[in-house]
Amino acid sequence: MTQWLAPMESYIALSAVMFFLGVVGVIARRNPLIVLMSIELMFNAANLALVTFAKLWANNTGHIFAFLVITVAAAEAAIGLAIVVVAFRKQQYVDVDEASVLKG
Amino acid sequence: MTVPAHPLGLEGSYPLLFLIWLLPLFGAILLWALGPRFKSFAGPIGSTMIGVAFLATLAEWHDATAISGGLAGAHQTLFTWMPGFTFGLLFDRLALIWTLVITGVGFLIHVYSMGYLAGDKAFARFFAYLNFFIFAMLTLVLSDNFAGLLVGWGLVGLASYFLIGFWFFKPTAVAAARKAFVINVVGDVGILFAIVAIVAHVGSISYGDTFAQIAAFSPHDLFIVCLALFIGCAAKSAQVPLHTWLPDAMEGPTPVSALIHAATMVTAGVYLIARCAPLWTASADARELVGVIGALTAIAGAVLGVAQWDIKRILAYSTMSQIGYMIMAVGVGAFDSGVLHFLTHAAFKAQLFLGAGIIIHNLNNEQDVRLMGGLRKTMPFAFIAMLTGVLSICGIPGFSGSFSKDAILTATLAHGHPWLYAIGVLTAGITAYYMFRLFFIVFFGPYRGNVDPSDLGVRHPELAGTAASAGHHPEEMDAHHAHAPAWLMSGPVAILIVPTVLIGWLAFGGADSPWTKFWEPVFPKVSEAGGFVMPELAGTLLVLAVVLAGFAVAYLRYGAPKVLAQSVPRLRTESVRMPPVLANAYYFDAAIDALFVRPSMLLGRFFGSIVDPLVIEGVVHETAHTAGWLGHLFRSFQTGLVRVYALSIALGVACFAIYYVVIGAAR
Amino acid sequence: MIAFWLLSFALIATGVFTITAGKPVYSVVGLLGNFVILAILYLTLNAEFLAVIQIVVYSGAILILFLFVIALLSSGVKPFDIGPDRAPRIGVPAFVFALIGLCVIVFSVVRAAVTGAPNAPEGITGQADAFGSVGDFGVALFTKNLLPFEVTALLLMVAVIGVVLLAGDEKPAPPRRKPHARDLEREPIVKPVEKLIR
């Protein structure tokens, strides 16, 4: 499949689009699960950029970094979901807007 | 301590000078602090202080008149503040004469006050104020430098404020005191300006240094300095246009009017000009100005004296007019004549005021002459006393006033001012007219105290004849109003008859008189072109003729028997037909009100209602408001919603990204 | 090139579907598609190992975790979107920001001149240490980047402990106690302040 290689700028642009899709998802959705998924989307955008640059500079540190990002994303998703579960246990629903104790 | 470079007097140590100067201050402090304890004993204490000061003055006579090697009088250096600013006491002939009057007449008036104010609740306070005034006046007169003069000047103004407003529960008294003080401050500013100019030119404040370096002034600068000094004189001596405070100052007790508004404080201007004779001698323009103002004041005051019905106001305007004579005299350069008139005026004006005080006191504080009449039968002593005063002020030959008045008029003509001479002669006639008018209305005819005041044309009948109108508030008198022995009041008046009549005889003999010889070493001679020396006899006869004419008119209008029989309707007609110009004192008060008072109040109101709330408070208010508004703005960011926070994080990152991508790339 | 365009279109479409789906399960499915497309893209970039890891770990573990939690939460009556939306139009600024950000990035990327970069060899060779292969990756991971690898292990352990602590024990809620007299005493402080304000 390497014959489907596109110019590097395209991959970066694609990564950027994915990243901003994730940002919009984080800001605009009330369901915390979907927020976490949007965060995963952002992580993947970053991974795409890393891998692109690894290919560009023929340096597999990019791959390593992407691998570590995946690991961290997994850990963070786990903890995030644990928080959601705990919040769900307190009141029988979850809504991002409920966490408004810091309202000033 | 450094002596000023050109002291005017013989340097030395004169402990009696300190006694003269500081004893009244000691008395004032003592009576202020412990007055209520002393009660009526405060009177003798205050009087003793001044009496001792007077005796000390006599003891210092020899030192004051000493002359040696170009220096005259006694000089005592006090302390040096900085080079050029040495403060000291100068006791020379000029200071001697003034101090004698201040302490002598002051002592008599202290004794008189013990009788006049007996029973007043604030008895001790009065004597404290009187002593303080004596101290302030002595500071003015004994200083050897302009700054000390100014200190005394200001303190005298303060003492005048205290004394005019002595009965502070009277709103008219308070207003009068304030008016006097404010106008005096205008004069203070003038003198301060002059001091600044003098220091700028000469580098020193002492009289001696200034007079020795007159050449340092250009003629224009010298005129400015003299003008500034004269503004101070005009304010203090009630010369036009700063004279409006003097008639109102009669709100104070009569002894106060006698002491400070007749004999001493108002003559401070004359003293200043006499002291600075070298300055005036060097500036012809300044002399011209002073002479004109003096003459103008003399005649203006006399004309207003014709229109008054309050006995003290008549005397107040006559004071203004007589001081005008003195100012005119020193203005044309006849310094010794001016000082002589000061001396005689102090005697006869104090006499007149104290006599009037006796009348007021005995008539239970009645001051309107329309409600008097025929008092020569009921108060013969006052009649005799006021007669001597009236004869003296009119300049009847043989009495003191005539010597000084003739001397002034002759000198005015001799120094080349025929117009001023004419005004002076005319004023003498008017003086005779209004003084005898006063005399006839008060002492002749039927007693009108029981007549309904509105029948006499008195405008505020509810105030006439009551204690409140003249000052003694009924509650201010002790319940058992012990009448003080009558000799306390009549004694000083009797004593004053002597100088009223005789003191002018010091100048008998013209150029060879003891008086002229006394002043020869002091005053420089002023020579003017165009002077006409009138023979003495002719001059005296001319003035006498005018005076007798004034007397005749007064007699025909007020003193003739058939006039006296009709006194009530005639007085009423005159009251009603009094021209408003005269009744309102040439509208000076109205003019000052419109020119200065109203604009000041408008300005104050402008600042108070517009600038203050909008600008100053506005700045403060708007600062606080902006802080609050900013706070609200930033508070609105704290919605508490996680999504909004996420958005703001994103925006922050965006800013960073833009910076690094767009701007960083440009580098 | 067509392939790339198709892939990129699919990527964006699944992304949009993820963030705009009505139900969370749909989002998970969308995300799954996204990850698979991404793995294909990695393959085009010679990152074979990473592509496999992407599918195994991301879509095989993390997404399953998501599904489990959704299942757990959906046992409630209506667990999501209950209260009123407190920031209903927040999508607008978010979208605008995203658009601007995107333009900035694309603009800068297009403008940047990438020069003199050695390109990795094309095509998948069978060599064990070819660029992007497992061998190459393993060598790099266990030699040059050993420390990050070990730290990551630590990180994962911390994550596990954290999850257990957070969501492990289901303690019953403590009983509501009657307010202590001390607490009631604190009330009067408010009243004088109120009197001042009123």
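See the structure printed just above.
Below you will find a few notes about this structure. Computed from a predicted model, the values in this text were never measured in an experiment.

**Let's talk about the pattern of salt bridges**
Residues and elements named next belong to chain B. What the rule picks out here adds up to 9 salt bridges over all chains. Across the pair arginine 370 and aspartate 368 runs a salt bridge whose closest N-O atoms are separated by 3.0 Å. With a closest N to O distance of 3.4 Å, arginine 437 and glutamate 574 form a salt bridge. Of this pair, arginine 437 sits in helix H20 (residues 418-443) while glutamate 574 sits in helix H26 (residues 567-576), and the two are 137 residues apart along the sequence. Each member of the pair, arginine 437 as well as glutamate 574, is classed as buried. Connected through shared salt-bridge partners, Lys179, Asp248, Arg313 and Asp589 make up one network.

**Observations regarding the packing of aromatic side chains**
All names here are of chain B. By the definition in use, this model includes 51 aromatic pairs over all chains. Seen from their ring centres, phenylalanine 440 and phenylalanine 444 are 5.4 Å apart, and the 65 degrees between their planes marks the pair as edge-to-face. As far as the burial class goes, phenylalanine 440 and phenylalanine 444 line up, both buried. Each residue in the set Trp32, Phe123, Phe126, Phe127, Tyr129, Phe132, Tyr161, Phe162, Phe166, Trp167 and Phe181 is aromatic and connected to the rest through ring pairs, giving one cluster. Positioned above the aromatic ring of phenylalanine 518 is the side chain of arginine 93, whose terminal nitrogen or guanidinium carbon lies 5.0 Å from the ring centre. Cation over ring: arginine 437 sits above tryptophan 309, and NZ or CZ is 4.7 Å from the ring centre.

**Here we look at the side chain of Thr264(B)**
Residue and element names in this part refer to chain B. On the secondary structure map, threonine 264 appears in the loop between helix H11 (254-263) and helix H12 (268-275). Judged by relative accessible area, threonine 264 falls into the buried class, the value being 0%. Sequence-distant contacts of threonine 264, that is, excluding residues within four places in its chain, are made with Val101, Ile102, Phe133, Met137 and Leu259.

**Focus: the interface of chain C and chain A**
Residue-level contacts link 91 residues of chain C with 76 residues of chain A. In this assembly, chain C packs against chain A so that about 7,400 Å² is buried in total across both faces, 77% of it on carbon and sulfur atoms. Of all residues in chain C, the largest losses of buried area upon contact with chain A belong to Ile19(C), Leu45(C) and Phe66(C), amounting jointly to 10% of the total for that side. At the junction of chain C and chain A, the tally comes to 0 salt bridges. The interface formed by chain C and chain A contains 8 residue pairs in polar contact (both at pLDDT 80 or more). Contributions of two or more residues to the side of chain C that touches chain A are made by helix H1 (2-20), helix H2 (24-44), helix H3 (48-73), helix H4 (91-111), helix H5 (134-144) and helix H6 (146-167) of chain C. Among the elements that take part in the side of chain C that touches chain A, H3(C) stands out by supplying 13 residues, more than any other. Here the residues of the side of chain C that touches chain A sort into 63 nonpolar, 19 polar and 9 charged.

Calculation criteria
- Residues numbered from 1 in each chain as written.
- Chains lettered and ligands numbered in written order.
- Predicted model: local features only at pLDDT ≥ 70, side-chain atom pairs only at ≥ 80, totals over all residues.
- Heavy atoms only, no water.
- Salt bridge = Lys/Arg side-chain N within 4 Å of Asp/Glu carboxyl O.
- Helix = DSSP H or I, 4+ residues; strand = E, 2+ residues; numbered from the N terminus.
- Buried < 20%, exposed > 50% of the residue type's maximum accessible area, 1.4 Å probe, protein only.
- Phe/Tyr/Trp six-rings, centres within 6.5 Å; stacked < 30°, edge-to-face > 60°.
- Lys NZ or Arg CZ within 6 Å of the ring centre and 35° of its normal.
- Contact = heavy atoms within 4.5 Å.
- Buried area = accessible area lost by both parts, 1.4 Å probe.
- Polar contact = N/O pair within 3.5 Å; in protein donor to acceptor, adjacent residues only side chain to side chain.
- Nonpolar A, V, L, I, M, F, W, Y, C, P; charged D, E, K, R; others polar.

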